[in-house]
Amino acid sequence: MIIAETERLVIREFTIDDAPFILELVNEPAWLTFIGDKGVRTTDDAVRYILNGPVKSYHTHGFGLWLVQLKQENIPIGMCGLIKRDLLEHVDIGFAYLSAHNGQGYAYEAATATLEYAKDKVGLKHILAITNQDNFRSIRLLEKLGLKFERLITLPGEQKPILLMGASLLSGNS
Ligand SMILES: CC(C)(COP(=O)(O)OP(=O)(O)OC[C@H]1O[C@@H](n2cnc3c(N)ncnc32)[C@H](O)[C@@H]1OP(=O)(O)O)[C@@H](O)C(=O)NCCC(=O)NCCS
């Protein structure tokens, strides 16, 4: 199912056919550094990740992490989407791209469409994001999207506090 189209991108739901792409993405150095090791080593692991992560969320919440692909070339470049975690009061936005496609504004383009979807289709009034304090590219992108520092939080089982950022999605705000 297609979630949104932008000038250069298509955002759609993941299917298990995207397993080879997930295997590549979750083993990118930046993913391992800033998001963590999901233990996905084989295509079968990647199928399980897709089913237990994004697909489960589509069924539970009607949204989740989606695949971002280049419209013209029809190739997957990353993921962007909405996550509902028990430990956070509001839904948060998440994203990750293959490093080969960084620095071209794709992450910003997809995240802008995701926030529009969150506001207009899901009806969210507030959006959050969590990010490591040293993930400067992610922080810069979130600030460009209009999210601001809310507070430091420490996730269960973690030692280091991370940034909780957020923005109102009500009219007049980004
Ligand atoms: C965080 C992450 C998604 C940011 O990706 P990115 O490539 O920096 O983001 P964009 O694609 O939007 O690129 C933005 C840059 O491209 C530039 N750019 C080039 N062409 C552009 C265009 N046509 N439109 C907009 N920006 C463009 C912008 O100027 C911007 O540069 P700047 O930040 O120096 O101002 C990426 O680093 C990543 O996947 N990291 C690993 C996963 C991760 O950490 N996820 C977040 C967990 S909280």
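Coordinates for the structure precede this section.
Overview of the structure. Source: prediction; values computed, not measured. (Residues numbered from 1 in each chain as written. Predicted model: local features only at pLDDT ≥ 70, side-chain atom pairs only at ≥ 80, totals over all residues. Heavy atoms only, no water.)

The next point concerns the overall build of the protein. Per the secondary structure count, the protein includes five helices and eight strands. When the helices and strands of the protein are listed from N to C terminus, the series reads β-β-α-α-α-β-β-β-α-β-α-β-β. Across its three principal axes, the protein shows a C-alpha extent of roughly 40 × 40 × 35 Å. Counting all 174 residues of the protein, 48% fall into the buried class. Within the protein, contacts between residues separated by at least 24 positions form 55% of all contacts whose residues are at least 6 apart in sequence. A total of about 9,400 Å² of accessible surface is found on the protein, and carbon and sulfur atoms cover 51% of it. In the protein, which carries 18 positive and 21 negative side-chain charges, the distance between the mean positions of the two groups comes to 5 Å. (Helix = DSSP H or I, 4+ residues; strand = E, 2+ residues; numbered from the N terminus. Buried < 20%, exposed > 50% of the residue type's maximum accessible area, 1.4 Å probe, protein only. Contact = heavy atoms within 4.5 Å. Areas by Shrake-Rupley, 256 points an atom, 1.4 Å probe, with all protein chains shown as cover. Lys, Arg positive; Asp, Glu negative; His and termini not counted. Charge placed at Lys NZ, Arg CZ, Asp CG, Glu CD.)

Before going further, it helps to examine the environment of Pro-76. Positionally, Pro-76 belongs in strand S4 (residues 76-83). With 21 residues separating them in the primary sequence, Pro-76 and Tyr-97 have C-alpha atoms 9.2 Å apart. With residues up to four places along the chain from it excluded, the contact list for Pro-76 reads Phe-21, Leu-67, Val-68, Gln-69 and Leu-98.

Take the packing of aromatic side chains next. Any pair of aromatic rings gets described here by the distance separating the centres and the angle formed by the planes. Applying the stated criterion to the full structure yields one aromatic pair. Measuring from centroid to centroid gives 5.1 Å for Trp-66 and Tyr-117, while their planes differ by 75°, and the two rings are edge-to-face. Residue Trp-66 is found in strand S3 (residues 65-70), and its partner Tyr-117 is found in helix H4 (residues 106-120); the two are separated by 51 residues along the sequence. A residue is classified by how much of its surface remains accessible, and Trp-66, at 0% relative accessible area, is buried. A cation over an aromatic ring shows up here: Lys-144 above the ring of Tyr-108, its NZ or CZ 5.2 Å from the ring centre. (Phe/Tyr/Trp six-rings, centres within 6.5 Å; stacked < 30°, edge-to-face > 60°. Lys NZ or Arg CZ within 6 Å of the ring centre and 35° of its normal.)

Moving on, we come to the site of the ligand. The full set close to the ligand counts 22 residues, and Phe-95, Tyr-97, Gly-103, Asn-135 and Arg-137 are the nearest of them. Tyr-97 is positioned such that a nitrogen or oxygen atom in its backbone is 2.8 Å from an oxygen atom of the ligand. For the ligand, whose free accessible area comes to 960 Å², the fraction covered by protein is 73%. Those elements giving two or more residues to the shell around the ligand turn out to be helix H2 (29-34), strand S5 (92-97), H4, strand S6 (126-131) and helix H5 (136-144). The greatest single-element share of the shell around the ligand, amounting to five residues, is contributed by H5. (Near = heavy atom within 4 Å. Polar contact = N/O pair within 3.5 Å; in protein donor to acceptor, adjacent residues only side chain to side chain.)

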